Amino acid sequence: MRDIRLTSPLEGELIPLSAVKDMVFSTGAMGRGAAVRNPQGKVVAPFDGEITVFFETKHAIGLKSADGVEVLIHVGMDTVKLKGEHFTAQAAQGDKVKKGQVLLTFDPAAIREAGYDTTTPVVVTNAAEFGDITVEYGGQSITSKAAAGGAAAAADAEDHSFDDLPDEQRVAKLIEKYVGGMENVRNAEHCATRLRLIVNDKSKIDEKAIENIDGVKGQFFAAAQYQIILGTGFVDKVYAEFVKGTNFSGVSNKEEAYAQMSLVQKISRTLGDVFVPIIPVLVATGLFMGLRGAAQSLGLEFSENVLRMSRILTDTAFAFLPALVCWSTTKRFGGTPVIGIVLGLMLVSPELPNAYAIAGGTAQPIPMDILGIEVPVVGYQGSVLPALVLGIFAAKLQKKLKTIVPDVIDLIATPFLTLFISMLLGLLIVGPIMHTLELAIFGAVSAFLQLPFGIGGFVVGGLQQAIVVFGVHHVFNALEVQLLASTGVDPFNAIITGAIIAQGGAAAAVAARTQNKKKRALYISSIVPAFLGITEPVIFGINLRLMKPFLYALVGGACAGGLASFLHLAGTGMGITVLPGTLLYLDHLGAYILVNVVGFAVAFALTYLFFRPEED
């Protein structure tokens, strides 16, 4: 790599960037170069070239030389807040300039009097492409060595050392290096977009270096895991390379992860573990309902037999929902899954009065006298909490019995005692208590979502993605399942899709305002998953890092959620949003598109109008 020398564009005392009282510059995050202390009030071109950026606030200028050197001249610290006061532009963005040409004049005394430091960094922003960088003026010079140029240069050196490898191997090797080596990784797995690691010592992770890896879209800690955003498809390849030669199975070590979580995170993650496996069935059911509703809204008529077949497709999962929930819960807590299935089926046995018939007034509960207390025994069609609690109890009971029952009769006695005790407890104690609690929660949620003028949706839409950041968004799963089982539709889905598309809208505005081509390309690749309902790349890779776009996206989500509630929009299923989610709204497609457009447009407009990339 060639060395370069630049003449300082300002008169004053040259100092190293490390002496600048701003970590963005002093750490080398923006690039390498030098700074000018107590500058005179004039900025001139350091070379022949072009002005690539001239900020509206006039405090900073970006230039590019004919031979490819890109320089940022940032007059003062935090002077963007002056909004152009005390600055006078002598050139404009896009101008071709000659070395020594005056670009900007300013009043350093007035700026200092306003309370701002006038120290001016002169930074080569594409420093990774060069060797030593020297800034000189009037016999003074500051040289930034390539080998000691800060995190960005170090990351670049590592990138070049692995350049001969395929992308997935290069990224895997760099991640391994910057997380502190494989000895610091306790377990590894991946999801649709992220490599998820459980590490021994967080302090060994070089987060900045990982973010600088070409191919990494962001990184963050959540749910006791270090998560590196790589994008759909690419994450599978990187994971395969990362775990080569290890005994990582790709199955999450939940005990280790749970030990590091807060109580709320543990509850949320547990609900996610229980409900995520059954969501695909509910998605399929919702699609069937959406297709049938769309066909009927178009005037198509079906015979009784065809309608009966369609109801088998759409109603079975909810009629036997306790069996699905109990199976998944028992499996999650270490019990035998088939015991969970049978126990769940007992809750909806034909011998019990059907819950829907009782609600319709065509059936009555069976009164059972327990120690002088009359307990109503009913079926639990469409219920969630009774099956959830009973599944936990059955799994715990089975594991306890296995430590007591002799091995010779374990195969017979343990399943029998587990089912017998759990059935009595479920039908006579757990079921009635949990069902009452479930009705209270469901009533409160329904009332909140039905607040006038879409207020409930406004609140949920505005907070939903913030809840995602804290890793506790799985609490919505149980509510959505209950709403679908009780009403046949899911208003949460319509609210959440507005919140998701709003994050994509804010990120799109950031990309539109970003001048750096490499950053813009990275941002755009992160935005695409948001249109498929996956927001982690845009949240953790763009919006949350820059903060203002994230807040503007929350406003967009609130507006979209409020509109969805005002229109009483609800999906026929759950689990899919934005573009794939259109399949759940085939009979209300216009309203669904409007909600998404509002969420995207509000977030995009606010971010585009009020966010300035140069402020980052």
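Predicted, not measured: the structure shown is a model, and the values here were computed from it.

## Focus: the overall build of the protein chain
Stage number 1. Secondary structure summary: the protein chain contains 23 helices and 19 strands in total.
Stage number 2. Dimensions along the principal axes, computed over C-alpha positions, put the protein chain at roughly 100 × 60 × 45 Å.
Stage number 3. Out of the 616 residues in the protein chain, the part that is buried amounts to 51%.
Stage number 4. For the protein chain, contacts bridging at least 24 residues in sequence account for 72% of all contacts bridging at least 6.
Stage number 5. In the form shown here, the protein chain has an accessible surface area of approximately 27600 Å², with 62% of it arising from carbon and sulfur atoms.

## Things to note about helix α11 (residues 321-332)
Stage number 1. Across its twelve residues, α11 extends 16 Å between first and last C-alpha, which sits within 8% of the 16 Å expected from 1.5 Å per residue.
Stage number 2. Among all positions in α11, only L321, P322, A323, V325, C326, S328, T329 and T330 are buried.
Stage number 3. Among the residues trailing α11, G334 stands out with phi positive, at a value near 90°.

## Considering the environment of F288
Stage number 1. Relative to the assigned elements, F288 resides in helix α9 (residues 279-297).
Stage number 2. Here F288 falls in the partly exposed class, since its relative accessible area comes to 35%.
Stage number 3. The spacing of F288 and S310 is 22 residues in sequence and 7.6 Å in space, taken between C-alpha atoms.

## Remarks on the packing of helix α21 (residues 548-566) against helix α23 (residues 589-610)
Stage number 1. Contact geometry for α21 and α23: axes closest at 8 Å, N-to-C directions at 155°. By the angle between their directions, the pair α21 and α23 is classed as roughly antiparallel. In this structure, α21 meets α23 at a crossing whose hand is right-handed. Along its contact with α21, which presents P549, Y552, A553, V555, G556, C559, A560, L563 and A564, the element α23 presents L594, V595, V598, G599, V602, A603, L606, T607 and F610.
Stage number 2. Taken together, the residues of the contact of α21 with α23 sort by class into 15 nonpolar, three polar and no charged.

## A short note on the side chain of N126
Stage number 1. Following the sequence through the fold, N126 ends up in the loop between β11 (120-124) and β12 (133-137).
Stage number 2. A polar side-chain atom of N126 sits 2.9 Å from the main-chain carbonyl oxygen of G68.
Stage number 3. Within the structure, the side chain of N126 is placed 3.1 Å from the backbone nitrogen of E70, a separation counted as a polar contact.
Stage number 4. Beyond its immediate stretch of four places on either side in the chain, N126 contacts G68, V69 and E70.

## Let's talk about the sheet that holds strand β8 (residues 87-89)
Stage number 1. If you trace the three strands from one edge of the open sheet to the other, you get β4-β10-β8, paired in antiparallel fashion. Looking along the sheet, the strands with just one partner apiece sit at the ends: β4 (42-44) and β8. Ignoring which end each strand starts from, the neighbouring axes of this sheet average 15° apart.
Stage number 2. The sheet contact formed by β8 and strand β10 (residues 102-106) spans three bridges and is antiparallel. Bridge assignment links F87 to a residue of β10, and that residue is F106.

## Digging into the confidence of the model for the protein chain
Stage number 1. For the protein chain, per-residue confidence averages 86 on the pLDDT scale, and 93% of positions sit at 70 or higher.
Stage number 2. Here residues 148-159 is modelled with pLDDT under 50, and outside its nearest four sequence neighbours on either side it reaches 23 contacts, counting other chains as well.

## Some points on the packing of aromatic side chains
Stage number 1. Following the criterion strictly, the structure yields seven aromatic pairs and no others.
Stage number 2. A centroid spacing of 6.4 Å and a plane angle of 50° characterise the contact between Y552 and F610, whose relative ring orientation is tilted. Of the two residues, Y552 is situated in helix α21 and F610 in helix α23; the sequence distance between them amounts to 58 residues.
Stage number 3. Residue classification places Y552 among the buried positions, given a relative accessible area of 17%.
Stage number 4. Under the relative-accessibility criterion, F610 is labelled partly exposed at 47%.
Stage number 5. Each ring, one from Y585 and one from Y592, has its centre 4.2 Å from the other, and the planes form 15°; the classification is stacked. An identical accessibility class is assigned to Y585 and Y592; each is buried.
Stage number 6. Among the aromatic residues, those joined into a ring-pair cluster are F531, F600, F604 and Y608.
Stage number 7. Taking the ring centre of F333 as reference, the NZ or CZ of R332 above it sits at 4.8 Å.

Parameters at a glance
Every residue gets a number counted from 1 within its own chain, in the order that chain's sequence is written. Where local features are concerned, this predicted model is filtered to residues with pLDDT of at least 70; where side-chain atom pairs are given and counted, the filter is 80 or more; whole-chain, interface and lining totals use all residues. To obtain the side-chain values, all non-hydrogen atoms of the structure were used and water was disregarded. In DSSP terms, a helix is any run of H or I states spanning at least four residues, a strand is any run of E spanning at least two, and both are numbered starting from the N terminus. The rule is simple: take the accessible area with a 1.4 Å probe, protein chains only, and divide by the maximum for that residue type; under 20% is buried, over 50% is exposed, in between is partly exposed. Contacts are assigned to residue pairs that have any heavy atoms within 4.5 Å of one another. Only the protein chains shown count as cover for residues, and all accessible areas are computed by the Shrake-Rupley method using a 1.4 Å probe. Given the number of residues in a helix, its expected span is that number minus one, multiplied by 1.5 Å. Interaxial angle, 0 to 180 degrees, is taken between N-to-C directions of lines fitted to C-alpha atoms, where a helix line uses only the stretch in contact. Geometric relationships in this document are graded by angle, where less than 35 degrees denotes roughly parallel, more than 145 denotes roughly antiparallel, 65 to 115 denotes roughly perpendicular, and other angles denote oblique. By the definition used in this description, the sense in which the near helix is turned from the far one sets the handedness, with an anticlockwise turn below a right angle giving left-handed and a clockwise turn giving right-handed. Polarity classes work like this: nonpolar for Ala, Val, Leu, Ile, Met, Phe, Trp, Tyr, Cys and Pro, charged for Asp, Glu, Lys and Arg, and polar for all others, with Gly in that last group. Under this definition, polar contacts are N or O atom pairs within 3.5 Å; protein pairs additionally need one hydrogen-donor-capable and one acceptor-capable atom, and for neighbouring residues in sequence, both atoms have to be side-chain atoms. By definition, two strands form a pair when at least two bridges between them are found by DSSP. Residue-level confidence of the predictor is summarised by pLDDT, bounded by 0 at the bottom and 100 at the top. In this analysis, rings of Phe, Tyr and Trp, with Trp reduced to its six-membered ring, are considered paired at centre separations within 6.5 Å, and the interplanar angle assigns stacked below 30 degrees, edge-to-face beyond 60, and tilted for intermediate values. A ring is considered to have a charge above it if a Lys NZ or an Arg CZ atom is located within 6 Å of its centre and within 35 degrees of its normal.

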